[in-house]
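Chain and residue survey
What follows is each chain in one-letter form.
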Amino acid sequence: MTAIGAKTHYKRVLVKLSGEALMGDDAFGINPGVLDYLRIEINALVAEKVETALVIGAGNIFRGVAGAASGMDRPLADNMGMLATTINCLALTDCLNQAGIRTVVMSAIPMTTVCESFNRDAAVNHLRHGRVVIFAGGTGNPFFTTDTAAVLRGLEIDADIICKATRVDGVYDRDPLKEEGAIKYDTLTFAEILRRNLKVMDAAAISLAMDNKKPLLVFNMNRKGNILAAVQGKNVGTIVNGG
């Protein structure tokens, strides 16, 4: 982690947002109110000169695993899901750019008429110049989730921490939205997550973060100011690090 003064604890962060988060109270698609909320939250990071990158899922449009479960070819279904992430990324980019927040979309799947292709050096350069970078297209390969894409991109840009924004305020021993008495963890090791099969990220993402000693923070994105509080090192969720 990189201290850059009294206010901000981390200099460069990657935030993973779920596609479902973009739905808000809608049953499908992208809720404009959620985009406005994210604009305010992300602008708070930019104002503090935090170099900010994001990865967004596509569960509000199409999820490859669900398509495969219904009989679709898995690589084809995953390709559809990766393309769907681009729709979400472009929607958020438009919202941010219209508010004067310089934002770039970089896709793992080349589509140069729509956005930039992912290039590590170019991404780091964008971040150093104060642009928000949104990574689309997952890893560019089937059989990997956007959780794994978030860890991969976080490692490639050397983010100080990878933040997973969820609907709950951390990691619990069971789903707190479904079961009463669920116990929240303030800290966990990667090994504990794998051993207890806690549903934080998929095993590939956790293993990748563990192998590269990259800390994760899981927190509730629906509480105003939480994203900034997270990168300021405040206790707003569950920190995951160590073996």
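Basis of the calculations
Residues numbered from 1 in each chain as written. Predicted model: local features only at pLDDT ≥ 70, side-chain atom pairs only at ≥ 80, totals over all residues. Heavy atoms only, no water. Core = buried A, V, L, I, M, F, W, Y, C linked by side-chain atoms within 4.5 Å. Buried < 20%, exposed > 50% of the residue type's maximum accessible area, 1.4 Å probe, protein only. Helix = DSSP H or I, 4+ residues; strand = E, 2+ residues; numbered from the N terminus. Contact = heavy atoms within 4.5 Å. pLDDT = per-residue confidence, 0-100. Pairing = 2+ DSSP bridges. Axes fitted to C-alpha atoms, helices over the stretch in contact; angles between N-to-C directions. Parallel < 35°, antiparallel > 145°, perpendicular 65-115°, else oblique. Left-handed = near helix turned anticlockwise from the far one by under 90°.

A few points about the nonpolar core
Of all hydrophobic cores here, the largest spans 39 residues; its most connected members are Leu-17, Leu-38, Leu-92, Ile-134 and Phe-219. Elements supplying a minimum of two residues to this core: β1 (12-17), α1 (32-47), β2 (51-56), α3 (74-98), β5 (132-136), β6 (161-166), β10 (216-220) and α8 (226-231). Ranked by the residues each element gives to this core, the list is headed by α1, at six residues. If sequence neighbours within four positions are ignored, Ile-134 has contacts with Leu-54, Ile-56, Cys-89, Leu-92, Thr-93, Leu-96, Thr-103, Val-104, Val-105 and Met-106. Ala-53, Phe-135, Ile-162 and Val-240 belong to the second largest nonpolar core, which has 29 residues in total.

Focus on the confidence of the model for the protein chain
With 96% of its residues at a pLDDT of 70 or more, the protein chain has an overall mean of 92. Predicted confidence is poor over residues 1-6, with pLDDT under 50, and the contacts of this stretch with residues over four places away or in other chains come to eleven contacts.

Some remarks on the pairing of β5
Most of β5 is tucked away, with five of its five residues classed as buried. The side-chain alternation of β5 yields two buried faces, one formed by Val-132, Ile-134 and Ala-136 and the other by Val-133 and Phe-135. With three bridges joining them, β2 and β5 adopt parallel strand pairing. Bridge pairing links Leu-54 to Ile-134 in β5. As paired strands, strand β3 (residues 103-107) and β5 are joined by five bridges and run parallel to one another. Bridge pairing links Val-105 to Ile-134 in β5.

What about the sheet that holds strand β9 (residues 187-188)?
As summarised here, the arrangement of the nine strands in space is β4-β3-β5-β2-β1-β6-β10-β11-β9, forming an open sheet in which the pairing is mixed. The sheet terminates laterally at β4 (116-117) and β9, the two strands that pair on one side only. Docked against the sheet, helix α5 (residues 146-156) engages β1, β2, β5, β6 and β10, running at close to 175° with respect to β1.

Structural notes on the packing of α5 against helix α7 (residues 203-211)
Interhelical geometry of α5 versus α7 gives an angle of 20° and a closest axis separation of 7 Å. With respect to each other, α5 and α7 are oriented roughly parallel. Considering how the two elements wind past one another, α5 and α7 form a crossing that is left-handed. For the pair α5 and α7, the contacting residues are Asp-147, Thr-148, Val-151, Leu-152 and Leu-155 in the first and Ala-204, Ala-205, Leu-208 and Ala-209 in the second.

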